[in-house]
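# Descriptive structure summary
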Amino acid sequence: MEVVESGIGELIQTPDINSFREWNRQNKPKALVDKVMTEQEAIARFVHDGDYIGTELYGTVRCPMSLARELVRQGKKGLRIAGQGVLELDLWLAAGLVEKLDITYIGLEVYGISPSLRRAVESGQVGTTVEWSNAAIAWRFKAAAMGVPFIPVRSMLGSDTFNYSAAKVVRCPFTGQKVCLLPALILDVGMIHVHRADRYGNAQIEGISGFAFELARASKRLIISAEEIIPTEEIRRYPDRTIIPYYLVDAVVEAPFGSHPGEMVYLYERDEELIKEWVEMSKESETTQEYLDRYIYGVKNHAEYLKLIGEERLAYLKEIVARR
Amino acid sequence: METSTYNPTELMICIASRLMEDGTTAFIGTGIPMLAASLAQKMHAPNLIPIFEFGGTGAILERLPLAVGEQRTFNKALAASGICDIMETAQRGFIEYGFLGGAQIDPYGNLNSTVIGDHDHPKVRLPGSGGANDVGSHCWRTIIIMRHDKRRFVPQVDFITTPGYLTGPGAREEAGLAPGTGPYRVVSNLALLGFHEESKRMTLLAVHPGVTVEQVVENTGFALIIPNHVGTNEAPTPEELRILREEVDKERLYI
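Please read these numbers as outputs of a predicted model, since none were measured by experiment.

## Things to note about the pattern of salt bridges
Taken as a whole, this structure holds 34 salt bridges over all chains when the rule is applied. A salt bridge links Glu272(A) to Arg270(A); its shortest N-O distance comes to 2.8 Å. Its relative accessible area of 6% is what places Arg270(A) among the buried residues. Here Arg242(B) ties to Glu239(B) by a salt bridge, and the two come within 3.4 Å at their closest N and O atoms. Of the two residues, Arg242(B) and Glu239(B) are both situated in helix α7 (residues 238–248); the distance of 3 residues between them amounts to about one turn of the helix. Its relative accessible area of 27% is what places Arg242(B) among the partly exposed residues.

Here it is in C-alpha cells:
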C-alpha cells in the first residue's frame, strides 16, 4: 500500500499487536478469581509512573471519578493519556501528572474551555499533544480490540487534525481511493465505571455504552469500578447484559457514587453545584490547589470523600432521578 | 413576558431550529445545536431524530442536555448504543445534517476548534476536535452556528480542525472525503449564509431583521459573495421565544 501522507504527531504508544497477544496469554487470568479490592490497592498495583492510560466515558457521565481521584492522591507521574474527557483529565492535568496527550477533546462542555488544559499546554508542561477526532480515538481502541495494528477510516482526511496526528493516508488497494489509517491504541491501563459487576469482573452497563466495549478490550490492565457488586448468579441469569467479561478485568472496586460529581444513568443525577465549584476554582492555580486539597488530598479514600459531600446531598441526587 | 426583543443567542437558536427538518437525522453537538433541536421538536419537527455522539438516537428533548453523553441525550430515545455505532452510521451515509460550532471559520467553511496561534506553542489551547471533525467529514450537510465578527470569520483559520471545502472545488474529494458532503449553511447572529455552488466560497443568503448587508460585510474578515438578491430572515416569533424561554432553557444556561 502506498503511503501518500503522514501526520507529524508522535506515535505515543506503538501498536505492538504481538506483544499484546502475548500479554493477554500470560497476564490475564482465565480462571474465575476474586478481584475485589479498594481504589488504593487497584491504583497502587496496576498503575505505574509513565503508563499510558485511558478512561471511559466522560468526566461528568459514568466516569471512574473515585479511581481518578485516587490516582491523584497517589501522585502517579509522567502519564501518557488518551485525551477524551472532562473532569477526570482536568484533575490529572491540574495535579501536573500528565506528560503526553493524544487529544481529541478536553473541555468543560457547557462551561467551555478547560483552564487546566490551557495552563498545562500553553506553559509547555505537557510537551506533546497529538490530535485525533473523537471517532478516531474510539476506532483506535476498536482496532486494538480486534487485535489488528491499524484500522482504515474516512475521518480526519484533508485536515490539520490529520496533519498533527500520527495517522497515515494510503491509497486503498481495492478501490484506489484515499483512506486514513489509524494505529491501534493499546492501553497500559484502562478504567471504566459500570453499574454493576460480580467479584470476577463480569460487568454490566445501562444506557449508552460510550466506548466501554472497545476500551475494555484494548487494555493490558483494566480496572473496573462498580456502583454495586452483584452475585455471579445474577450475571448468569442475564448473560446478554455482560458488556465486559471477567477475563478482561484485573481489579473490581466497589464504588457507590463512583462517578460523582458526574452522573450515573438511572441511578443519580450529576451534582451541578460541585461541577460549578470546579469550573470556578480551576480558573486560577491557587484555587485549583485548594480544590485538590479539599476534595482529594484532604480525604483518605472514596468513603471519606462521600462523607465530605454528605449523605443528604447524595440522597438528593438519587431522588431527582427517582422522581422522573 | 417580553417577546418583542431577543438576544443574539436566541436569534441564532431560532434560525438554526428552522433549518431542522421533520423526519430527518441530525447529529447534535453541545450547546446551541441542542437548544435548536429541542425547539424544532416542539415547533415544526416532532419527528426530528437527534443523534448524539456517545450513543443516543432519537431522544425526545424535553429537557436540555448538559453534555453529549448524559442521560437526556437518550431520554425516551429509540436506541442507546455507543460512539463507534454512531460514527460508523455517519460514515455509512445515514446522517443528513451535522450541527457544529467553532472558534474560527474561513471562506470555505473550514473550522478551527483546536488552537489559536501555533499548534506547538499555542496562544490559546482550545478543547480540540471532539466529534467535530467526524461530523464535518461524514454528515451530508453541515450547518455551522457561530457569532459573527472579524476575529471569528477569518481569511485563514489557524488550524483546520474540521474540513469545510478545504482549498475550494474538488478539494474534499481529492482528500478522500465522501463526495456530496460539506458545509451547507452558516447561522450567525447577523445573517444566514451558504456556499457558492461552483466556487464553494461563503455566500450571503439573508440578513437578520434590522441588520444591513454592510454590517455583515464589516464584520467578516474576508470577501463574501453577495448575490443581487439578499433576503431578510423572519424575526423569532413570540411562540418560538416563549417555548425557548419557558421550556427549552428554563434554567437560562445559554440564553
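Now that the structure has been shown, we can carry on.
## Observations regarding the interface of chain B and chain A
Counting from both sides, the interface comprises 52 residues of chain B and, opposite them, 55 residues of chain A. Around 4,200 Å² of area is buried between chain B and chain A when both sides are counted, 56% of it from carbon and sulfur atoms. At the boundary of chain B with chain A, the tally comes to 4 salt bridges. Its salt-bridge partner being Glu88(B), residue Lys142(A) comes within 2.7 Å of it at the nearest N-O pair. Here chain B and chain A share 28 residue pairs in polar contact (both at pLDDT 80 or more) between them. Counting residues per element, the ones that place at least two in the side of chain B that touches chain A are α3 (83–91), β9 (122–125), α4 (132–138) and α5 (171–175) of chain B. No other element matches the 5 residues that α3(B) contributes to the side of chain B that touches chain A.

## Considering the sheet that holds strand β7 (residues 168–171) of chain A
The strands making up a sheet are joined through hydrogen bonds of the backbone, oriented either antiparallel or parallel. All names here are of chain A. Pairing in this open sheet of 4 strands is antiparallel, and the strands run β1-β7-β8-β6 from one edge to the other. On the outer flanks of this sheet lie β1 (3–6) and β6 (150–153), each paired with one strand and no other. Adjacent strand axes in the sheet meet at a mean angle of 30° when their direction is disregarded. By the bridge criterion, 3 bridges tie β1 to β7 in an arrangement that is antiparallel. Opposite Ser6, over in β7, you have Lys168 as the bridge partner.

## Observations concerning the packing of helix α1 (residues 8–18) of chain B against α7(B)
Residues and elements named next belong to chain B. In contact at an axis separation of 11 Å, α1 and α7 are set at 110° when each is read in the N-to-C sense. Between α1 and α7, the angle is such that the two are roughly perpendicular. For the crossing formed where α1 meets α7, the hand is right-handed. From α1, Glu10, Ile13, Cys14 and Arg18 reach across to α7, where they touch Glu240, Leu241, Leu244 and Arg245. Of the residues in the contact of α1 with α7, the class split is 4 nonpolar, no polar and 4 charged.

## Remarks on the nonpolar core
Membership of the largest hydrophobic core comes to 185 residues, with the highest contact counts inside it found for Trp92(A), Leu182(A), Met191(A), Ile223(A) and Ile244(A). A total of 8 residues in this core trace back to one element, the largest contributor, which is helix α6 (residues 134–146) of chain A.

Definitions and cut-offs
Once a new chain begins, its residue numbering starts again from 1 and follows that chain's sequence as written. Chain labels run from A onward and ligand labels from 1 onward, assigned in the order the entries are written. Local features in this predicted model are restricted to residues of pLDDT 70 or higher, and side-chain atom pairs are both shown and tallied only at a pLDDT of 80 or more, whereas totals for entire chains, interfaces and linings draw on every residue. As a rule here, side-chain values come from all non-hydrogen atoms in the structure, and water together with hydrogens is ignored. Salt bridge criterion: a side-chain nitrogen from Lys or Arg within 4 Å of a carboxyl oxygen from Asp or Glu. To sort residues, take the accessible area from a 1.4 Å probe on protein chains only and compare it with the maximum for the residue type: under 20% means buried, over 50% means exposed, and anything in between is partly exposed. Segments assigned H or I by DSSP are reported as helices when at least four residues long, segments assigned E as strands when at least two residues long, and all are numbered from the N terminus. In this description, contact between two residues means that some pair of their heavy atoms is separated by no more than 4.5 Å. Joining two parts hides part of their accessible area as seen by a 1.4 Å probe, and the buried area is that hidden amount summed over both. Identification of polar contacts relies on pairs of N or O atoms within 3.5 Å, with a donor-acceptor requirement for protein atoms, meaning one able to donate a hydrogen and the other able to accept it, and with residues adjacent in sequence counted only if both atoms are side-chain atoms. Pairing between two strands requires that DSSP report at least two bridges joining them. All axes here are fitted lines through C-alpha atoms, helices being fitted over the stretch that makes contact, and every angle between N-to-C directions spans 0 to 180 degrees. Angle categories: roughly parallel below 35 degrees, roughly antiparallel above 145, roughly perpendicular from 65 to 115, and oblique for all the rest. Crossing handedness follows the turn of the near helix against the far one: under a right angle anticlockwise gives a left-handed crossing, and clockwise gives a right-handed one. Note on residue categories: nonpolar means Ala, Val, Leu, Ile, Met, Phe, Trp, Tyr, Cys or Pro, charged means Asp, Glu, Lys or Arg, and polar means any other residue, Gly included. Definition of nonpolar core: a set of buried residues of the types Ala, Val, Leu, Ile, Met, Phe, Trp, Tyr and Cys, connected through side-chain atoms within 4.5 Å.

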